[in-house]
Amino acid sequence: MTEITYEKEKDYGYRDHMLLCMKSEYLLDAGIRNLNGKSEYCYDVKNRRPLSLVYENTVMKGKEVSLFFHAMSCAVEKTQEHLLKCEGLVLSPDKIMLGCEDHTPAFIYCPAADPDYRENCIRLGEFLINKVDVTDEQAVKLCYDFYDVANTAALDVADFLKRHICVGIKSEKSGSLQAEVQKQPQPSDGSSIAETNKEQEQYYYKAPVYEDEEDDPLINIPEKGLLRLLIVCSALIVTAGSAYTYIFLNPGILKAAGISQKDYILAGALLTSIMAMIIITLLQMYVHRRRNNEESQCH
């Protein structure tokens with residue numbers, strides 16, 4: 001098997017565009033192929049084997065389970081960077097591909113796979129609890145926690161990974177996931193454990209935490225503040241345009257006011273420029289304020 005394909009029955013808009021732009025060690029490169037009037041998503045899987053096949057006759061050691069969930073967390077972070085919800089991740093054990101040499105997991109992101117998301121999560125949870133090394137209590141607990149999350153009504157894999165897995169953008173830039181885990185310091189006593197935890201908190205990237213879900217820009221696009229500003233600006237434009245058009249179509253009003261049609265046109269052009277500058281200034285002020293708020297939440 002050299003590629004995996006999914007039928008593309010409709011246009012997914014910005015999700016298709018983001019999919020083609022998204023690059024990560026833990027996501028398979030995607031392409032869209034049009035042939036004989038049909039479109040399909042294509043994913044190159046050369047030099048990779050499915051998770052289900054790699055562990056068909058063997059168990060997953062604790063270290064391998066940890067590496068697997070770290071890779072999944074990196075993939076979820078990358079999708080969120082591109083404003084994509086993780087429902088598009090294909091979490092079926094048959095479609096999660098591992099490198100033949102280092103067993104680095106790579107996931108498929110496909111908008112057309114959204115309807116199968118919950119079913120795939122449950123299948124992956126069942127696969128993990130059946131394949132995990134039962135002598136590793138921590139790995140067993142992690143797999144069972146994932147299985148429990150997969151079977152909840154409010155399925156949220158991203159939240160599960162945030163609570164259980166510490167992973168950041170820098171891990172992807174510093175080489176393979178295997179090397180990243182191996183270079184973690186191994187503390188020998190209580191004091192060094194505390195120092196190590198503090199260093200890890202400073203090293204790893206943390207997404208801003210929003211107390212109110214409605215403030216999260218990944219959930220509300222556009223946000224209420226921006227939407228309100230756009231509505232106000234649109235109302236100003238419509239009102240001014242309507243008034244200008246009405247007066248222009250009624251020359252008697254201009255004549256009564258002692259204004260020539262030429263002067264009225266020039267005044268309209270000037271007012272249009274001033275209004276555009278005001279709108280641009282308001283938008284810049286909003287973006288600047290929003291950026292400051294996000295930076296303060298990050299710190």
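Data block above holds the structure.
Summarised in this report is the structure supplied together with it. Source: prediction; values computed, not measured.

**Focus on the overall build of the protein chain**
From N to C terminus, the protein chain includes 12 helices and eight strands. Sorting the 299 residues of the protein chain into buried and exposed places 35% on the buried side. By sequence separation, contacts in the protein chain at least 24 residues apart represent 71% of the contacts at least 6 residues apart. Carbon and sulfur atoms make up 55% of the accessible area of the protein chain, which amounts to about 18300 Å² in all.

**Some thoughts on the pairing of strand β2 (residues 30-35)**
Pairing geometry for β2 and strand β3 (residues 38-44), over six bridges, is antiparallel. Bridging from a neighbouring strand, L35 pairs with K38 of β3. Hairpin connection of β2 to β3: two residues between the antiparallel strands, including N36 at a positive phi of 55°.

**Overview of the sheet that holds strand β1 (residues 3-8)**
Spatially, three strands are ordered β1-β3-β2 in an open sheet, and the strand pairing comes out antiparallel. Looking at which strands have only one partner, the edges of the open sheet turn out to be β1 and β2. Strand-to-strand twist of the sheet, defined as the mean angle between neighbouring strand axes without regard to direction, takes the value 30°. As defined by bridge partners, β1 adjoins β3 across six bridges and the pair is classed as antiparallel.

**Comments concerning the pattern of salt bridges**
A pair can form between side chains of opposite charge whenever their charged atoms are brought close. Tallied over the full model, the rule gives 10 salt bridges. Between D114 and R15 there is a salt bridge, with its nearest N and O atoms 2.8 Å apart. Residue D114 is located in the loop between β8 (108-109) and α4 (117-131), and its partner R15 is located in helix α1 (residues 14-21); the two are separated by 99 residues in the primary sequence. For D114, a relative accessible area of 25% puts it in the partly exposed group. By relative accessible area, R15 is classed as buried at 16%. In this structure, K141 engages D145 in a salt bridge whose closest nitrogen and oxygen atoms are separated by 2.9 Å.

**Observations concerning the sheet that holds strand β7 (residues 105-106)**
Remark on secondary structure: sheet strands pair via backbone hydrogen bonds, oriented parallel or antiparallel. Read across the sheet, three strands follow the order β4-β6-β7 without closing on themselves; strand pairing throughout is antiparallel. The open sheet has two edge strands, β4 (48-50) and β7, and neither has a second partner.

**Topic: the environment of T2**
Looking at where T2 falls in the secondary structure, it is placed in the segment before β1. Residue T2 is classed as partly exposed on the basis of its relative accessible area of 49%. Residues T2 and D44 lie 42 residues apart in sequence; the distance between their C-alpha atoms is 6.1 Å. Those residues in contact with T2, other than ones at most four positions away along the chain, are Y43, D44, V45 and K46.

**Concerning the layout of surface pockets**
Of the pockets and cavities examined, the second largest pocket occupies roughly 310 Å³. Within the residue set of the lining of the second largest pocket, elements represented by two or more residues are α10 (224-248) and α12 (261-298). Top contributing element to the lining of the second largest pocket by residue count: α12, with eight residues. Tallied by class, residues from the lining of the second largest pocket come to 11 nonpolar, three polar and no charged.

**Considering a nonpolar patch on the surface**
Among the surface-exposed residues, L270, L271, I274, I278, L282 and M285 lie close enough to one another that they form a single nonpolar patch of about 570 Å² accessible area. If you trace the backbone, L271 turns up in helix α12.

What counts and how
By convention here, each chain's residues receive numbers from 1 onward along its written sequence. A pLDDT threshold of at least 70 governs which residues receive local features in this predicted model, and a stricter bar of 80 or more applies before side-chain atom pairs are shown or counted, although totals over entire chains, interfaces and linings include all residues. The basis for the side-chain values is all heavy atoms of the structure; hydrogens and waters are excluded. Runs of E in the DSSP output that reach at least two residues are strands. Runs of H or I that reach at least four are helices, and both are numbered from the N terminus. Partly exposed describes any residue whose relative accessible area lies between the buried limit of under 20% and the exposed limit of over 50%, with all areas from a 1.4 Å probe on protein chains only and scaled to the type maximum. Two residues form a contact once any of their heavy atoms are found within 4.5 Å. Each accessible area is a Shrake-Rupley estimate made with a 1.4 Å probe; only the visible protein chains count as cover when residues are assessed. Two strands are counted as paired when DSSP detects at least two bridges linking them. Between N-to-C directions, angles cover 0 to 180 degrees, with each direction set by a line fitted to C-alpha atoms, over the stretch in contact for helices. Here, a salt bridge means any Lys or Arg side-chain nitrogen found within 4 Å of an Asp or Glu carboxyl oxygen. In this analysis a 1.4 Å probe is tested at points of a 1 Å grid over the protein atoms alone, and where it fits but cannot get out there is a cavity; an open set with protein on both sides within 12 Å along at least five of seven lines is a pocket; lining residues have an atom within 4 Å of a point. Grid points are joined across faces, edges and corners, and a volume is the space filled by probe spheres set on the points. For this classification, Asp, Glu, Lys and Arg are treated as charged, while Ala, Val, Leu, Ile, Met, Phe, Trp, Tyr, Cys and Pro are nonpolar and the rest, including Gly, are polar. A residue counts toward a patch only above 30% relative accessible area and without a salt bridge, and it is joined to like-charged neighbours within 9 Å or, for Val, Leu, Ile, Met, Phe, Trp and Tyr, to nonpolar neighbours within 5 Å.

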